[in-house]
Amino acid sequence: LLDSVLDLMWGSACVHCARPGRALCGDCSDALAPMPSEHWPSPVPHGLARPIVASAYDGLIRDVILATKERRQHQLVPVLAAHLAAAVAAHELQGPVVVVPVPSRAVTVSERGLDTTAASACRAATVLRRAGVDAAFAPLLTVRGGVVDQSGLSATQRAENLRRAFTCPAHHLRRLARRVPEAHVLICDDVL
């Protein structure tokens, strides 16, 4: 009944199967389970730490990510946060964990109405704490001007676009060190 009301009022539909109703129908929601695994991109960037993804970027999770980012389906952030929390937990780290989102460009955040990676990372830290993990959220990184949208760029072009794109201001680190003097820092993004 709720799906029918949502469809009637807002014309909403599942982002994957297009069933009228919620942004993610019950069947698709049930089918969407994180499957964390180590995933090395090709080519492997020099110095890349062990990357763990929550799921392969295809099908259902790809549709959820794109709907959240490109179609302002912000109600799906908890789904992305649950996946991110599963990927963080898969690292099986001992001690405090700090979840740091890769920042989006200001123009992108303005267009999307939300920094979905930061929102997902913040919520993932909460999910982890509720599960008993000593987790904190810290938006440590800033992005320099001149970085362009990555969609449509080759791997080489993406690497060049992001060369020295991010900085971690010292005052951000000092503030974090006062709260968490020693921790594992995990840099999180929505797509690898």
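What comes next concerns the included structure. Every chain is numbered on its own, with residues counted from 1 as its sequence reads. Residues qualify for local features only when their pLDDT is at least 70, as the model is predicted, and side-chain atom pairs are given and counted only at 80 or more; totals for whole chains, interfaces and linings, by contrast, use all residues. Remark: hydrogens and water are excluded; side-chain values derive from all non-hydrogen atoms of the structure.

Details of the packing of helix H4 (residues 77–90) against helix H6 (residues 116–130)
The axes are straight lines fitted to the C-alpha atoms, using for helices just the contacting stretch, and the angles between their N-to-C directions are given from 0 to 180°. Secondary structure elements follow DSSP: runs of H or I no shorter than four residues count as helices, runs of E no shorter than two count as strands, and numbering proceeds from the N terminus. Close contact between H4 and H6 brings their axes to 8 Å; oriented N to C, the two are set at 60 degrees. Classified by the angle their axes make, H4 and H6 are oblique. For the crossing formed where H4 meets H6, the hand is right-handed. Contacts from Val 77, Pro 78, Leu 80, Ala 81, Leu 84, Ala 85, Val 88 and Ala 89 in H4 reach Ala 119, Ser 120, Ala 121, Arg 123, Ala 124, Val 127 and Leu 128 in H6. For this classification, the nonpolar set comprises Ala, Val, Leu, Ile, Met, Phe, Trp, Tyr, Cys and Pro, the charged set comprises Asp, Glu, Lys and Arg, and every other residue, Gly included, is treated as polar. When its residues are assigned to classes, the contact of H4 with H6 shows 13 nonpolar, one polar and one charged. Angles below 35 degrees are treated as roughly parallel, those above 145 as roughly antiparallel, those between 65 and 115 as roughly perpendicular, and all remaining angles as oblique. Should the near helix be turned anticlockwise from the far one by less than a right angle, the crossing is left-handed, and should it be turned clockwise, the crossing is right-handed. In this description, contact between two residues means that some pair of their heavy atoms is separated by no more than 4.5 Å.

A short note on the sheet that holds strand E7 (residues 184–188)
The strand order E4-E3-E7 describes an open sheet built from three strands, whose pairing is parallel. Two strands close off the open sheet at either side, each with one partner strand: strand E4 (135–137) and E7. For this sheet, the mean angle separating the axes of adjacent strands, direction not counted, is 25 degrees. In terms of strand pairing, strand E3 (residues 97–101) meets E7 through five bridges, oriented parallel. Bridge assignment links Val 99 to a residue of E7, and that residue is Leu 186. Note on pairing: DSSP must find at least two bridges between two strands before they are called paired.

Quick word on the environment of Ala 85
Mapped onto the fold, Ala 85 is located in helix H4. The classification of residues rests on relative accessible area computed with a 1.4 Å probe and restricted to protein chains. Under 20% of the type maximum is buried, over 50% is exposed, and intermediate values are partly exposed. Note on Ala 85: relative accessible area 5%, which makes it buried. Setting aside its immediate chain neighbours within four residues, Ala 85 contacts Ala 124, Val 127 and Leu 128.

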